[in-house]
Amino acid sequence: MDLKNNTILITGGTSGFGFEFAKRLLELGNTVIVTGRDETKLALTRKNLPAIHTFQSDVSDPKAITDLFAKVTQQFPKLNILINNAGQMRRMSLHDTSIGLTDITREVETNLMGPIRMVQAFLPHLKRMQSAAILNVTSGLALVPFPIAPIYGATKAGLRWYTKSLRVQLKNTKIKVFELVAPASNTPLNDQFLGMDGFDAKRMIAPEKIIDAAIKGLENDKFEVYPGIARVLLIMSRIAPGFMLKQLSKVGEREMAG
């Protein structure tokens, strides 16, 4: 896929993978639009990336997605690439009775229902483009469970299978469907695990390297991209799933004991 002269929308573009995607894709000569919930962070993104376009929007809110679609497609009718990157991850003990029935599914709204709704909203527009793509950012934890973050892993596994089905359903269109299976990285998402027993920060990969792999995957029409240890997780999830679960269960073991 040609990654020059496109118009690209990235959800969750103010930090982590989203910000790195925006930076790299701007350097390649694309028009880049990012969303975020926090206007202060969006303003800082505009300061750091003067060529960026921003919209305050929350992917967990269906009405916000509808409004975003109307505004973006009106101002940027050549939009042809959607990157569903926005995500939330929480360490959580399911013994904690203070977690309410609404709050416990918060990650489902953002990580799974958000991308599904974004695709559904933008799909008719993307189908009219001569060349288009959708990239969904999943996780190595879509391949193996991470018990200390039970809802996050479930959402990323769900997004992975949805992405595979989406690719099949769009095979007769001009839309290419990609998945970035991201390993643990030095982003704010993982700061909460630093210092926990069993969590090895040395295994985390710089976000720049992960996005570099994603860019190369897009350019080479590699529809599933597994940077670094994500490839190892894929293999181990097939040949030794019980071993991987045991290893990942060591992170936060005391916290999950109840």
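Everything discussed here concerns the structure shown above.
Residues numbered from 1 in each chain as written. Predicted model: local features only at pLDDT ≥ 70, side-chain atom pairs only at ≥ 80, totals over all residues. Heavy atoms only, no water.

Asker: Can you walk me through the overall build of the protein chain in this structure?
Answerer: On a plain count of helices and strands, the protein chain comes out with eight helices and seven strands. Rg of the C-alpha trace for the protein chain: 18 Å, near the compact-globule value of 18 Å for 258 residues, within the 12% margin. For the protein chain, the C-alpha atoms occupy an extent of roughly 50 × 40 × 35 Å along the three principal directions. Every one of the 258 residues in the protein chain was classed for burial, and the buried ones make up 51%. Of note, the protein chain has its 33 positive side-chain charges centred 6 Å away from the centre of its 23 negative side-chain charges. (Helix = DSSP H or I, 4+ residues; strand = E, 2+ residues; numbered from the N terminus. Rg over C-alpha atoms; globule rule 2.2 N^0.38 Å. Buried < 20%, exposed > 50% of the residue type's maximum accessible area, 1.4 Å probe, protein only. Lys, Arg positive; Asp, Glu negative; His and termini not counted. Charge placed at Lys NZ, Arg CZ, Asp CG, Glu CD.)

Asker: Teacher, can you tell me more about unusual backbone geometry here?
Answerer: Leaving glycine out, the prevailing phi sign among residues is negative, and the prevailing peptide bond configuration is trans. The backbone phi angle of asparagine 5 is positive, close to 65°, even though this residue is not glycine. Within the fold, asparagine 5 resides in the segment before β1 (7-10). Located in the positive-phi region is aspartate 221, a residue other than glycine, with phi close to 55°. Take aspartate 221: it is sitting in the loop between α6 (207-219) and β7 (224-225).

Asker: Teacher, can you tell me more about the packing of aromatic side chains here?
Answerer: Both the distance between ring centres and the angle between the ring planes are used here to describe each pair of aromatic rings. In total, this model carries three aromatic pairs according to the counting rule given. Ring centres of phenylalanine 55 and phenylalanine 76 lie 6.5 Å apart, and the angle between their planes is 80°; on these two criteria the pair is classed as edge-to-face. Residue phenylalanine 55 is found in strand β3 (residues 53-56), and its partner phenylalanine 76 is found in the loop between α3 (62-75) and β4 (81-84); the two are separated by 21 residues along the sequence. A relative accessible area of 12% places phenylalanine 55 in the buried class. Look at phenylalanine 76 and you get buried, because its relative accessible area is 13%. Where phenylalanine 69 meets phenylalanine 122, the ring centres are 5.1 Å apart and the plane angle is 80°; that geometry is what we call edge-to-face. One end of the pair, phenylalanine 69, is in helix α3; the other, phenylalanine 122, is in helix α4 (residues 106-126), and 53 residues separate them in sequence. Classification of phenylalanine 69 by relative accessible area gives partly exposed; the value is 23%. (Phe/Tyr/Trp six-rings, centres within 6.5 Å; stacked < 30°, edge-to-face > 60°.)

Asker: Is there a simple way to think about the environment of lysine 171 in this case?
Answerer: For lysine 171, the position within the fold is in the loop between α5 (150-169) and β6 (175-182). For the pair lysine 171 and lysine 78, spaced 93 residues apart in sequence, the C-alpha separation works out to 21 Å.

Asker: Got a minute to help me understand the packing of α4 against α5 in this structure?
Answerer: What describes two packed helices is the angle between their axes and the distance between those same axes. Here α4 crosses α5 at 15°, and the two axes come no closer than 8 Å. It follows from the interaxial angle that α4 and α5 lie roughly parallel. For α4 against α5, the interelement crossing comes out right-handed. Between α4, through Glu107, Val108, Asn111, Leu112, Pro115, Ile116 and Val119, and α5, the contact on the second element is made entirely by Ile151, Tyr152, Thr155, Gly158, Leu159, Tyr162 and Leu166. Grouping the amino acids of the contact of α4 with α5 by side-chain chemistry returns ten nonpolar, three polar and one charged. (Axes fitted to C-alpha atoms, helices over the stretch in contact; angles between N-to-C directions. Parallel < 35°, antiparallel > 145°, perpendicular 65-115°, else oblique. Left-handed = near helix turned anticlockwise from the far one by under 90°. Contact = heavy atoms within 4.5 Å. Nonpolar A, V, L, I, M, F, W, Y, C, P; charged D, E, K, R; others polar.)

Asker: Can you help me understand the sheet that holds β4 in this one?
Answerer: Strand pairing in a sheet relies on backbone hydrogen bonds, with the paired strands running either antiparallel or parallel. Strands sit in the order β3-β2-β1-β4-β5-β6-β7 across an open sheet of seven strands; the sheet is parallel. Of all strands in the sheet, those bounded by a partner on one side alone are β3 and β7. Sheet analysis places strand β2 (residues 31-36) next to β3, joined by four bridges and oriented parallel. From the neighbouring strand, isoleucine 33 faces β3, where its bridge partner is histidine 53. Its contacts with the sheet place helix α2 (residues 39-48) against β2 and β3, and it is angled at close to 180° to β3. (Pairing = 2+ DSSP bridges.)

Asker: Sorry, what's going on with the nonpolar core here?
Answerer: Across soluble globular proteins, nonpolar side chains have a tendency to be buried as a group. Core analysis: the largest hydrophobic core is formed by 30 residues, its most contacted members being Ile10, Phe21, Leu25, Val32, Ile83 and Leu180. Not counting chain neighbours up to four residues away, the residues in contact with leucine 180 comprise Phe21, Leu135, Asn136, Val137, Thr138, Ser139, Ile210, Ile211, Ala214, Val225 and Pro227. Counting residues in each nonpolar core, the second largest holds 26 residues, with Ile33, Ala86, Val119 and Ile134 among its members. (Core = buried A, V, L, I, M, F, W, Y, C linked by side-chain atoms within 4.5 Å.)

Asker: How should I be thinking about the pairing of β6 in this particular structure?
Answerer: Regular strands place their side chains on alternate faces of the sheet. Among the eight residues of β6, seven are classified as buried, and the element is accordingly described as predominantly covered. Summarising the sheet, strand β5 (residues 132-139) and β6 pair through eight bridges and their orientation is parallel. Bridging from a neighbouring strand, alanine 132 pairs with isoleucine 175 of β6. Pairing geometry for β6 and β7, over two bridges, is parallel. What sits directly across from glutamate 179, in β7, is glutamate 224. With α6 bridging β6 and its parallel neighbour β7, the resulting β-α-β unit is left-handed. (Right-handed = clockwise from strand over helix to strand, strands pointing away.)

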